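# Residue-level structural notes
Each chain is listed here by its residues.
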Amino acid sequence: MPSAIDASPRSQTGQSGVVAQRRRQAWNYVAVLALVAVLAAGPVVVTNSYYRYAGVLMVMYMVMATSWNLVGGFTGYVSLGHAAFFGFGAYCTGIIANESRTSVILALLATVGICAVVGAVIGIVALRVRGSSFVIVTIALVYMGSLLAQGLRSLTGGSGGLDVAGLYSFSGRAARHAAYIVTFAVLLGVVMWLWNFIDGTKFGMGLKAVREDEDRAQSLGVNTTAFKVVAFALSATFVGSAGGIYATWTGFIDPIFVFSVQISAQLVLMSLLGGTRSLWGPVLGAAIIVPSSEFFLVNLPEYHLVTMGVMLGAVVLLMPNGIIATLRRLWVRRRAPAASIREVAGAVGA
Amino acid sequence: MSLAVRGLTKQFGGVVALDDATVDFVPGAINGLIGPNGSGKTTLFNIVTGLIPTDAGEVTFAGRPITGMAPYRIARAGIGRTFQVVRAFDRMTVLENVLVAERRSGLRELIRSAIRGSEVDRAMDWLRQVGLDHLADADAADISYGQKKLLELAAILMTDPSLVMLDEPAGGVNPVMIERISDLIRVANANGRTIVIVEHNMEMVMSLCDHVVVFDRGRPIASGAPDTIQSDERVLEAYLGV
């Protein structure tokens, strides 16, 4: 096209934004490594068995919330069904380890593959609907999982639960917890690496376009169905893997607990609290909610769920974009009070 | 490239939006599609671009049937469209809004950086054409309504479409902006792109279009050069009820 129409000088704004984005992404990789190192080194300082137990829970939820955010943050599809994959992964590992008498580590690896396939298949079905319909469909997944686990008695042990062998042979509780903190921290590093990687790819940009306006993304040539299904399958794989590791950690699977919408809701709450459009949002959310949840569980057991509800309400009303986005906005406002983009645009008169 | 629809029919509940509509758009021209509200213009757009299925009839593009194809395939076949109510990816930057439209194929393409040099250059070129390059790093939510119209145009041009379908490009923007958008449409057409616009601004339609199709109650009632259309009695009746 001839460029006679617009005479504005060649601007470098786009380029500088690109550079800033690349730099931020590169620093994120470094920061993820640092976080994994700090979490894995945690047990050196924290020797108390109960605190280590809470630490395993916290890092596990960091993994799961970040995994949830592979779908929720990029595509905007809010899944309340991720507990289904958590439970499925747990049973998968437990059943394979028990029935085939292979090592637990092989059972876990098999779980990863199976969860990827099952996640893709369920994604193909569930992602046909949008918005609140999608939320309802995903809730149904959790109940289906729960019913299946209690019904298939010969495989799952029914409502009595299932015993699972451990991944490590440490005798002491505290040592075992320490090993699982390291295990989940490594998994956290992988899933955060993946999130950060996708964030900068064309794949990630297509997913974000789905979040903003799915029809328009399609009309610009984005194969939205394929994009969504891949994101959903990846998300399910990591949550399922976390479920498998969880099963070997506790040594026992309770179908009512693992297939509970409450676990799904926790992942949503953590992600919203921290901020779904940031790599660090879900991690921050888990770092706040798991310890405070444990605190209320110990000190105010009868109000434990109420406090969760109050927190969710407060986040939605006061910080709809999450802590990180809110802080970032305050920071930007303090640094550059001169002119908003709208004012600049108005002055240019485009 | 040539777009034709044959016997398109679409009902929403009891409302007939398209009633056995058959239209041949003129390849290489700026085609106007006019008619009263509810005469089926936007429904025609939505069926052609695959957003909604048709009840009956066929759409052919460049001689190939595209009826019922997935919207992204139709887009890749070379049809770009804008929407009646302006739509931008609000929580992405202006530059990203254009980069999304970059043709993508194969796993390798998808998992490499989205912000690689040559693409950014191409996207910036399009932003410069429409006069938004100075806002490349702004969130799309923060730019004005008229600027979003230009952004939509830049995004579909990034896909290098052979057919550009614009749904009310002049709706809700000031006269200066209308001139600018008209110029951009002319340039796109001069570059070999066939244009179809739905528009209520008659001044713009008459000055811009080579060929005009008039819709009423879900089917074309007249077509021809702007001059002949303006004096067509059926058209006056449909518009003015005389």
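What you are looking at is a predicted structure, and each value in this text was computed from that prediction instead of being measured.

Rules behind the numbers
Residue positions are given per chain, counting from 1 as you read along its sequence in written order. Note on labels: chains are lettered from A, ligands numbered from 1, in written order. Whole-chain, interface and lining totals are the exception, using all residues; otherwise, since this is a predicted model, local features are given only for residues with pLDDT of at least 70 and side-chain atom pairs are given and counted only at 80 or more. Note on conventions: DSSP H or I runs of at least 4 residues are helices, E runs of at least 2 residues are strands, and numbering of each starts at the N terminus. Only the C-alpha atoms count toward the radius of gyration. The rule for a globule is 2.2 Å times the residue count to the power 0.38. Placing a C-beta atom from the backbone of each residue, one calls two residues in contact when those atoms lie within 7 Å. Here a residue counts as buried when 20 or more other C-beta atoms sit within 10 Å of its C-beta, as exposed when there are 12 or fewer, and as partly exposed otherwise, the C-beta atoms being derived from the backbone. In this analysis an axis means a line fitted to C-alpha atoms, helices contributing only their contacting stretch, and an angle means the value between N-to-C directions, from 0 to 180 degrees. Roughly parallel means an angle under 35 degrees; roughly antiparallel means over 145; roughly perpendicular covers 65 to 115; every other angle is labelled oblique. Crossing chirality is assigned from the near helix's rotation relative to the far helix, an anticlockwise turn below a right angle marking it left-handed and a clockwise turn marking it right-handed. Only Asp, Glu, Lys and Arg are considered charged, only Ala, Val, Leu, Ile, Met, Phe, Trp, Tyr, Cys and Pro nonpolar, and every remaining residue, Gly among them, polar. Two strands pair under a simple rule: DSSP has to find at least two bridges between them. What we call a nonpolar core is a set of buried Ala, Val, Leu, Ile, Met, Phe, Trp, Tyr and Cys residues whose membership is set by joining through C-beta atoms within 7 Å. Scored from 0 to 100, pLDDT records how confident the predictor is in each individual residue. Here a helix's expected span is defined as the number of its residues, less one, multiplied by 1.5 Å.

## Quick look at the overall build of chain A
Within chain A one finds 15 helices and two strands. A globule of 350 residues ought to have a C-alpha radius of gyration of about 20 Å, and chain A, at 22 Å, matches this closely. Considering only contacts in chain A between residues 6 or more positions apart, those separated by 24 or more positions represent 79%.

## Structural notes on the overall build of chain B
A count of helices and strands for chain B gives ten helices and ten strands. Over its C-alpha trace chain B gives a radius of gyration of 18 Å, about what one expects of a compact globule, namely 18 Å for 242 residues. Here the C-alpha coordinates of chain B stretch approximately 55 × 40 × 35 Å along the principal axes. Out of the 242 residues belonging to chain B, those deemed buried represent 50%. Sequence separation of at least 24 residues holds for 68% of the intrachain contacts in chain B that already meet a minimum separation of 6.

## Focus: the packing of helix α11 (residues 261-274) of chain A against helix α12 (residues 281-299) of chain A
Residues and elements named next belong to chain A. As a packed pair, α11 and α12 sit with axes 7 Å apart at the nearest point and diverge in direction by 115 degrees. Taken together, α11 and α12 sit at an angle that is classed as roughly perpendicular. Once α11 is placed against α12, the crossing between them reads as right-handed. Of α12, the residues touching α11 (which contributes Q266, L269, M270, S271, L273 and G274) are G281, P282, V283, L284, G285, A286, I288 and I289. Its residues assigned to classes, the contact of α11 with α12 shows nine nonpolar, five polar and no charged.

## Digging into the interface of chain A and chain B
Contact residues are listed per partner, giving 40 residues for chain A and 52 residues for chain B. Among the elements of the structure, α1 (13-45), α8 (202-219) and α15 (341-348) of chain A are those that each provide at least two residues to the side of chain A that touches chain B. Ranked by residues supplied to the side of chain A that touches chain B, first place goes to α8(A) with 14 residues. Grouping the amino acids of the side of chain A that touches chain B by side-chain chemistry returns 14 nonpolar, 17 polar and nine charged.

## Some thoughts on the sheet that holds strand β2 (residues 15-24) of chain B
Residue and element names in this part refer to chain B. In spatial order, the strands read β2-β1-β4-β5; together these four strands make up an open sheet with antiparallel pairing. A strand with exactly one partner marks an edge of an open sheet, and here the two such strands are β2 and β5 (64-65). As paired strands, strand β1 (residues 3-12) and strand β4 (residues 56-61) are joined by five bridges and run antiparallel to one another. The partner of V5 across the bridge, within β4, is V59.

## Describing the nonpolar core
Counting residues in hydrophobic clusters, the biggest one holds 177 residues, and the most contacted among them are A:V59, A:V63, A:F184, B:L127 and B:A154. The contact partners of A:V63, leaving out residues within four places of it in the chain, are A:F184, A:L187, A:L188, A:V191, A:F238 and A:A242.

## Some thoughts on the confidence of the model for chain B
Residue and element names in this part refer to chain B. In this model, chain B carries an average pLDDT of 90, and 95% of its residues clear a pLDDT of 70 or more. Per-element confidence in chain B ranges from a low mean pLDDT of 70 for helix α4 (residues 106-110) to a high of 96 for strand β8 (residues 194-198). We note a pTM of 0.90 for the whole complex and an ipTM of 0.90 for its interfaces.

## Some thoughts on unusual backbone geometry
Residue and element names in this part refer to chain B. The backbone of D20 sits at a positive phi, close to 55 degrees, despite the residue not being glycine. Along the chain, D20 turns up in strand β2. Overall, D20 belongs to the partly exposed group, with 13 C-beta atoms counted inside 10 Å. In this model, E168 sits at a positive phi of 55 degrees, which is unusual for a non-glycine residue. Within the secondary structure, E168 sits in the loop between β7 (163-167) and α7 (175-190).

## A word on the confidence of the model for chain A
Of the residues in chain A, 91% reach a pLDDT of 70 or more, and the chain-wide mean stands at 88. A low-confidence stretch, residues 337-350 of chain A (pLDDT under 50), is modelled with 13 contacts involving residues beyond four sequence positions or located in other chains.

## Let's talk about helix α3 (residues 82-100) of chain A
Count 3.6 residues to each turn of an α-helix, and residues three or four apart come out pointing the same way. Residue and element names in this part refer to chain A. With 19 residues, α3 extends 27 Å from end C-alpha to end C-alpha; this agrees with the ideal 27 Å at 1.5 Å per step. Most of α3 is tucked away, with 16 of its 19 residues classed as buried. Where α3 terminates, the next one or two residues include R101, which has phi positive at roughly 55 degrees.

## Describing the pairing of β2(B)
Residue and element names in this part refer to chain B. By the bridge criterion, six bridges tie β1 to β2 in an arrangement that is antiparallel. Residue Q11 lies in a different strand from β2, and its bridge partner there is V16. Between β1 and β2, which pair antiparallel one after the other, the connecting turn spans two residues, and G13 there sits at a positive phi close to 60 degrees.

## A look at the environment of B:R6
Residues and elements named next belong to chain B. Following the sequence through the fold, R6 ends up in strand β1. Sequence-wise, R6 and E96 are 90 residues apart; in three dimensions their C-alpha atoms are separated by 37 Å. Beyond its immediate sequence surroundings of up to four residues, R6 is in contact with T22, G57 and E58.

## With respect to the sheet that holds strand β10 (residues 219-224) of chain B
Residues and elements named next belong to chain B. The strand order across the open sheet built from six strands is β6-β7-β8-β3-β9-β10, with neighbouring strands paired in mixed fashion. Looking at which strands have only one partner, the edges of the open sheet turn out to be β6 (79-81) and β10. Neighbour-to-neighbour, the strand axes of this sheet turn through a mean angle of 20 degrees, independent of strand direction. Looking at chain direction, β6 and β7 are connected through three bridges and run parallel. Note that in β7 the partner of G80 across the bridge is V164.

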